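The lines below spell out each chain.
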Amino acid sequence: MSNFFAMVGRMKQIERWALMRNAFTENIAEHSQNVAVIAHALCIIGNKKFGKNYNAERAAVLALFHDTTEVITGDMPTPVKYYNDEIKSVYKDIERIAGERLLNMLPDEFKEDYIPMFEKQQEDEELWKMVKAADKIDALIKCIEESRMGNKEFEKALQIQQQKIDEIDMPEVKYFKEEFLPAYYLTLDEHTK
């Protein structure tokens with residue numbers, strides 16, 4: 001009996017933004033799906049607009065699994081996770097161990113197929129950059145949505161996330177920001193006009 005997929009299915013139990021008062025909750029399963037959609041889009045943008053040759057489907061799969069270890073570790077709040085280099089290093093080690101635990105729940109014949117989801121491979125380096133950028137974009141989108149709901153708790157987070165996106169030096173991110181992010185400020189009625 002393998003527990004792997006049952007554990008992955010628990011992603012819906014892990015809430016994000018736990019230290020913040022949320023207008024609506026978000027779990028890591030929802031977040032991972034959003035990141036997968038955005039990472040896929042960033043790759044398509046790179047391929048169509050900037051002559052890149054990204055594997056958009058692979059980026060989407062990597063994104064789906066990017067926070068899976070949190071079913072073991074929980075979602076560590078960013079201010080804690082990145083408080084200093086020592087905590088950051090220890091947390092990376094904890095994530096690595098959690099990934100190994102999850103991989104060990106798979107039958108041996110499937111492990112090699114899932115290793116790249118938990119142990120970054122050199123050939124996926126550019127795709128992981130897309131996933132990381134998509135992760136930050138999704139954090140910004142969450143802040144935009146909370147702010148639009150009148151949640152003042154996210155005012156500072158919105159500013160911080162906007163700055164983080166502005167600092168990403170990737171043409172795909174700049175294009176997404178200019179072409180697609182403004183729509184997240186619209187109401188449903190404005191979307192359907």
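Criteria and cut-off values
- Residues numbered from 1 in each chain as written.
- Predicted model: local features only at pLDDT ≥ 70, side-chain atom pairs only at ≥ 80, totals over all residues.
- Heavy atoms only, no water.
- Helix = DSSP H or I, 4+ residues; strand = E, 2+ residues; numbered from the N terminus.
- Rg over C-alpha atoms; globule rule 2.2 N^0.38 Å.
- Contact = heavy atoms within 4.5 Å.
- Areas by Shrake-Rupley, 256 points an atom, 1.4 Å probe, with all protein chains shown as cover.
- Salt bridge = Lys/Arg side-chain N within 4 Å of Asp/Glu carboxyl O.
- Buried < 20%, exposed > 50% of the residue type's maximum accessible area, 1.4 Å probe, protein only.
- 1 Å grid on protein atoms, 1.4 Å probe; cavity = no way out; pocket = protein on both sides within 12 Å on 5 of 7 lines; lining within 4 Å.
- Points joined across faces, edges and corners; volume = space filled by probe spheres on them.
- Nonpolar A, V, L, I, M, F, W, Y, C, P; charged D, E, K, R; others polar.

**Structural notes on the overall build of the protein**
Line of reasoning, step 1. Of the regular secondary structure elements, the protein holds 11 helices and zero strands.
Line of reasoning, step 2. Listing each helix as α and each strand as β along the protein from the N terminus yields α-α-α-α-α-α-α-α-α-α-α.
Line of reasoning, step 3. Expected size for 193 residues packed as a compact globule is a radius of gyration near 16 Å; at 17 Å, the protein falls within 12% of this value.
Line of reasoning, step 4. Taken along its principal axes, the extent of the C-alpha atoms in the protein is 50 × 40 × 35 Å.
Line of reasoning, step 5. A sequence separation of at least 24 residues applies to 70% of the contacts in the protein between residues at least 6 apart.
Line of reasoning, step 6. Here the protein displays about 11,700 Å² of accessible surface, and carbon together with sulfur accounts for 51% of that area.

**Let's talk about the pattern of salt bridges**
Line of reasoning, step 1. Considering all chains together, one arrives at 11 salt bridges under this definition.
Line of reasoning, step 2. Measuring nitrogen to oxygen at the nearest pair gives 3.5 Å for the salt bridge that ties Glu155 to Lys152.
Line of reasoning, step 3. Residue Glu155 is classed as partly exposed on the basis of its relative accessible area of 41%.
Line of reasoning, step 4. Of the residues examined, Lys152 reaches a relative accessible area of 63% and is grouped as exposed.
Line of reasoning, step 5. Via salt bridges that share partners, Asp93, Arg96 and Glu100 belong to a single interconnected network.

**Topic: the layout of surface pockets**
Line of reasoning, step 1. Empty space within the largest pocket amounts to approximately 1,300 Å³.
Line of reasoning, step 2. Mapped onto the lining of the largest pocket, the elements with two or more residues apiece are α5 (78-81), α6 (85-103), α7 (108-118), α8 (125-148) and α9 (155-167).
Line of reasoning, step 3. The leading source of residues in the lining of the largest pocket is α8, at seven residues.
Line of reasoning, step 4. Taken together, the residues of the lining of the largest pocket sort by class into 16 nonpolar, six polar and 15 charged.

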